[in-house]
Amino acid sequence: MQQLFPTIVQSPSAMKSLGMKVSKHLQAGDIVALIGDLGAGKTHLTQGIAEGLGRTDSITSPTFSLVNEYPECRPELIHFDWYRLDTPEELLSIGWEDYLERDAILVVEWPDRFPEMVPAGSHCLHIEHLESGRSITYQRA
Ligand SMILES: Nc1ncnc2c1ncn2[C@@H]1O[C@H](COP(=O)(O)OP(=O)(O)OP(=O)(O)O)[C@@H](O)[C@H]1O
Ligand SMILES: [Mg+2]
């Protein structure tokens, strides 16, 4: 995974392509934490991961639903957005600990809302706005 980074991505479609490449390095039980400001491209990257895992339709941001599950992906993909959560207790109440036990890949937008809830070993991708495009770096939690 880390050999894909650091990288610069110039377009939304290239963001999806990067997500597809990332997906090839993932296995069940992996957690991907996508850290970046509003509009950084977290959902586009997740779209590519979903496509790489077998999803054919487009995905939508779970900003309002908090979590979207894609059982047709192999491994299963579960996509979270913590932006609208106010406390770690709310995250626990939607079943975070149960999700961690699932044989699935978990992708989290806005993990920096509750860094203490991101397990050690998670794949952290930091996305930063450039004048044109985005810079993306990798760090293992
Ligand atoms: N690498 C890129 N270069 C230029 N524009 C991009 C890139 N990636 C995404 N975008 C554009 O940025 C906008 C936001 O993308 P996206 O919804 O994926 O961001 P997000 O990080 O999920 O936002 P939010 O914080 O609201 O969830 C879209 O208009 C998308 O087309
Ligand atoms: Mg998003």
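Scroll up a little and you will see the structure.
Residues numbered from 1 in each chain as written. Chains lettered and ligands numbered in written order. Predicted model: local features only at pLDDT ≥ 70, side-chain atom pairs only at ≥ 80, totals over all residues. Heavy atoms only, no water.

**Student:** What exactly am I supposed to notice about the coordination of the magnesium ion (ligand 2) here?
**Tutor:** Think of it this way: four donors in a tetrahedron around the metal ideally sit 109.5 degrees apart, and six in an octahedron ideally sit 90 or 180 degrees apart. Around the magnesium ion (ligand 2), the protein contributes the donor atoms T43 (OG1) and E109 (OE), at 2.1 to 2.2 Å from the metal centre. Of this pair, T43 sits in helix α2 (residues 42–52) while E109 sits in strand β5 (residues 104–109), and the two are 66 residues apart along the sequence. The exposure class assigned to T43 is partly exposed, which follows from its relative accessible area of 21%. Judged by relative accessible area, which is 3%, E109 ranks as buried. (Donors = N, O, S within 2.8 Å, 3.2 Å for Na, K, Ca; no water. Helix = DSSP H or I, 4+ residues; strand = E, 2+ residues; numbered from the N terminus. Buried < 20%, exposed > 50% of the residue type's maximum accessible area, 1.4 Å probe, protein only.)

**Student:** Got a minute to help me understand the site of ligand 1 in this structure?
**Tutor:** As a structural note, the neighbourhood of ligand 1 is formed by 17 residues, with P12, G41, K42, T43 and H44 the closest of them. One nitrogen or oxygen atom from the main chain of V9 is found 3.2 Å from a nitrogen atom belonging to ligand 1. Between ligand 1 and the protein, one listed contact pairs an oxygen atom with a side-chain N or O atom of W110 at 3.4 Å. Against a free-state accessible area of 640 Å², the protein chains account for coverage of 74% of ligand 1. Looking at the shell around ligand 1, the elements that each hand over two or more residues are α1 (12–23) and α2. Taken together, the residues that form the shell around ligand 1 break down as six nonpolar, seven polar and four charged. (Near = heavy atom within 4 Å. Polar contact = N/O pair within 3.5 Å; in protein donor to acceptor, adjacent residues only side chain to side chain. Areas by Shrake-Rupley, 256 points an atom, 1.4 Å probe, with all protein chains shown as cover. Nonpolar A, V, L, I, M, F, W, Y, C, P; charged D, E, K, R; others polar.)

**Student:** Got a minute to help me understand the packing of aromatic side chains in this structure?
**Tutor:** The geometry of two aromatic rings is summed up by the distance between their centres and the angle between their planes. Across all of its chains, the model carries six aromatic pairs by this definition. Note on F5 and Y138: the rings are 5.9 Å apart at their centroids and 15° apart in plane angle, and the pair reads as stacked. Residue F5 is located in the segment before β1 (7–9), and its partner Y138 is located in strand β7 (residues 134–140); the two are separated by 133 residues in the primary sequence. Classification of F5 as buried rests on a relative accessible area of 9%. The exposure class of Y138 is buried, given its relative accessible area of 17%. (Phe/Tyr/Trp six-rings, centres within 6.5 Å; stacked < 30°, edge-to-face > 60°.)

**Student:** Explanation requested: the nonpolar core in the structure shown.
**Tutor:** What tends to happen in soluble globular proteins is that the nonpolar side chains get buried as a cluster. Judged by nonpolar contacts, the single largest core of 25 residues is most densely connected at F5, V22, L77, L125 and I136. Put simply, the parts of the chain that give this core at least two residues each are α1, β2 (31–35), α2, β5, β6 (123–129) and β7. Discounting chain neighbours no more than four positions away, the residues touching F5 are L18, V22, L125, I136, T137 and Y138. Ranked by size, the runner-up nonpolar core spans 20 residues in total, among them I78, V108, W110 and C124. (Core = buried A, V, L, I, M, F, W, Y, C linked by side-chain atoms within 4.5 Å. Contact = heavy atoms within 4.5 Å.)

**Student:** Hey, could you run me through the pairing of strand β4 (residues 76–81) in this one?
**Tutor:** Most of β4 sits out of view: six of its six residues are buried. A two-sided burial pattern is seen for β4, the buried positions comprising E76, I78 and F80 on one face and L77, H79 and D81 on the other. In the sheet, strand β3 (residues 67–70) pairs with β4 via four bridges, with the strands oriented antiparallel. Residue pairing in the sheet places V67 in a bridge with F80 of β4. (Pairing = 2+ DSSP bridges.)

**Student:** Explain the pattern of salt bridges here, please?
**Tutor:** For side chains of opposite charge, pairing can occur when their charged atoms come near one another. Applying the stated criterion across every chain yields a total of four salt bridges. Residue R102 is joined to E76 by a salt bridge in which the shortest nitrogen-to-oxygen separation is 3.1 Å. Remark: E76 occurs in strand β4 and R102 occurs in the loop between α4 (96–101) and β5; sequence separation between them is 26 residues. Across the pair R113 and D86 runs a salt bridge, and its minimum N-O distance is 4.0 Å. A residue pair is termed long-range when its members are at least 10 positions apart, and R113 in the loop between β5 and β6 and D86 in the loop between β4 and α3 (88–93) qualify at 27 residues. Relative accessible area serves as the criterion here: at 58%, D86 is assigned to the exposed category. Several salt bridges share partner residues, and in doing so they unite E69, E76 and R102 into one network. (Salt bridge = Lys/Arg side-chain N within 4 Å of Asp/Glu carboxyl O.)

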